[in-house]
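Overview (structure and organization)
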Amino acid sequence: MKKITLLAGLTVSLMVSCGSLTPEGSAGPSGLNAEQQQTYTLDYAWSRVKAKMEGKDYIRNPDFGNDVISEGQSYVMMMAVQMNDRNLFDRVWNWSKWKMQNSDTGLFAWRVNPDSGQKVDTNSAPDGEAYFLTALIFAHNRWVGGSNSGYLTDAKALQAAMKARLFVNGGTYNGMIKFTQVNEFTDPSYHLPAFFDVWAATAEKHGWGTRDFWRAAANTSRNFLTQATSKFRSGSGLTPEYANYDGSGRSESWNPKSNEFRYDARRTAMNWTMDFIWRGNQDATNLKASTLSWNILNFFNGQDGNRNDSHLSYNSLCRADGYCEGGKNAGLIAMNAVASLIVPAHPRAVNFKNEIFYQDPTHYGYYDLMVHTLGMLWVTGNFKKYM
């Protein structure tokens, strides 16, 4: 039995079950008192992800015509390896390879209609490939080991395809991850230096010959995140949704507000926090993750209308001038909870962290549920680097 204080005056009894935090005697929020009814768990969030899949080998995204997107498939795979569900991992990976992978490039169509099997858009969204690749490496290391497995074979082929088509090779922006293989700009939330370090270490161990490139990509992303936060709104920890390679915000015709802090950009805080934790709880020379986390908590604390309350309420869509709208959002709450992990001295770090436990994922849409569950993996200490 372990007691964890979520908020001042509220202590909830928890037990460790399968490596995650679960209310005593329950996989969900039942059996709790009135205030604790708002306390949810990793196991419960994971159960909601699986319920959203409806017994299928894919998860639909209602925001895109109920199609399947590579981001969602790769997120489920990462969650499955972290939750030790090899059966689901294999099902989702096999379906993704069968229905989404392009035979000519080895990359994945980012959007597929699961009913017709049609690839709605054969272009790749590299965050999907990034999570696919890292999940495959972790699956090999957690469940197989040694120098050979189907997971490792697939990972080797995928990282080679990504290097060739989804990253800038050479020049000023060597190692810069692209928005797609045909767009010469980027998305700050695709910058995952901790993942790129995993790929470099794996390449070195298994002789893939790409170690130095992935090391360069990790440093390129650290520099980029530093520049993007500084250029968007210095001292805020915010990035734009889309950006040019120099970190400046970029607006596109299909997303005219993509030069603002919006949906994708929420994930950047998780990315730099991951880099800090997996580097042994220290900042990189070219990415002061702890400063960025402190800054983003400060910024959203300033948006909170009642700072004397232990709960937080702040808008989620922000312009570079600091104006925010859009109301409270579970996905942003989850990502700020992750950011709080590396700045425990921040005056409201515990409030930002605990707020994730009071968000009910039962009725979340696809995106908020996925980001919330990733956040729950982090704040409960269950997002592990299997190396």
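Located above this text is the structure these notes cover.
Now for a description of the structure that goes with this document.

Calculation rules
- Residues numbered from 1 in each chain as written.
- Predicted model: local features only at pLDDT ≥ 70, side-chain atom pairs only at ≥ 80, totals over all residues.
- Heavy atoms only, no water.
- Helix = DSSP H or I, 4+ residues; strand = E, 2+ residues; numbered from the N terminus.
- Contact = heavy atoms within 4.5 Å.
- Areas by Shrake-Rupley, 256 points an atom, 1.4 Å probe, with all protein chains shown as cover.
- Pairing = 2+ DSSP bridges.
- Axes fitted to C-alpha atoms, helices over the stretch in contact; angles between N-to-C directions.
- Parallel < 35°, antiparallel > 145°, perpendicular 65-115°, else oblique.
- Left-handed = near helix turned anticlockwise from the far one by under 90°.
- Nonpolar A, V, L, I, M, F, W, Y, C, P; charged D, E, K, R; others polar.
- Core = buried A, V, L, I, M, F, W, Y, C linked by side-chain atoms within 4.5 Å.
- Buried < 20%, exposed > 50% of the residue type's maximum accessible area, 1.4 Å probe, protein only.
- Disulfide = S-S within 2.5 Å.

1. Overview of the overall build of the chain
A count of helical and extended segments in the chain gives twelve helices and nine strands. Nonlocal contacts in the chain, meaning residues at least 24 apart in sequence, comprise 61% of its contacts between residues at least 6 apart. Surface accessibility of the chain: about 14,700 Å² in total, with carbon and sulfur atoms responsible for 45%.

2. A few points about the sheet that holds strand 6 (residues 111-112)
Read across the sheet, four strands follow the order 4-5-6-7 without closing on themselves; strand pairing throughout is antiparallel. Two strands bound the open sheet, and with one partner strand each, they are strand 4 (60-61) and strand 7 (119-121). Inspection of the sheet shows strand 6 paired to strand 7 by two bridges, in the antiparallel sense. Following the sheet pairing, Arg-111 is matched in strand 7 by Asp-121.

3. Considering the packing of helix 2 (residues 70-82) against helix 3 (residues 86-100)
Any two packed helices are characterised by the angle at which their axes cross and by the distance between the axes. In the contact formed by helix 2 and helix 3, the axes pass within 9 Å of each other and the chain directions differ by 155 degrees. Regarding the angle of helix 2 to helix 3, the classification is roughly antiparallel. Judged by the sense of rotation from one axis to the other, the crossing of helix 2 with helix 3 is left-handed. Every residue of helix 3 that contacts helix 2 at Ser-70, Gln-73, Val-76, Met-77, Ala-80 and Val-81 is listed here: Leu-88, Phe-89, Val-92, Trp-93, Trp-95, Ser-96 and Met-100. Broken down by class, the residue content of the contact of helix 2 with helix 3 amounts to ten nonpolar, three polar and no charged.

4. Looking at the nonpolar core
In a soluble, globular protein the nonpolar side chains are often hidden away together inside. Counting residues in each nonpolar core, the largest one holds 88 residues, and the members touching the most others are Phe-89, Phe-167, Phe-195 and Trp-199. Discounting chain neighbours no more than four positions away, the residues touching Phe-167 are Met-162, Gly-175, Met-176, Ile-177, Lys-178, Phe-196, Trp-199, Phe-213, Trp-214 and Ala-217. Residues Phe-224, Trp-272, Ala-339 and Ile-342 belong to the second largest nonpolar core, which totals 32 residues.

5. What about the state of the cysteines?
Counted under the stated rule, the structure contains one disulfide. Two residues, Cys-318 and Cys-324, share a disulfide whose sulfurs are 2.1 Å apart. Its S-S torsion of approximately 110 degrees makes the covalent link between Cys-318 and Cys-324 right-handed.

6. Considering the side chain of Glu-260
Assignment of secondary structure puts Glu-260 in the loop between helix 7 (211-233) and helix 8 (268-278). Overall, Glu-260 belongs to the buried group, its relative accessible area being 14%. In this view, Glu-260 contacts Phe-232, Thr-239, Pro-240, Glu-241, Cys-318 and Arg-319; residues no more than four positions away in its chain are not counted.

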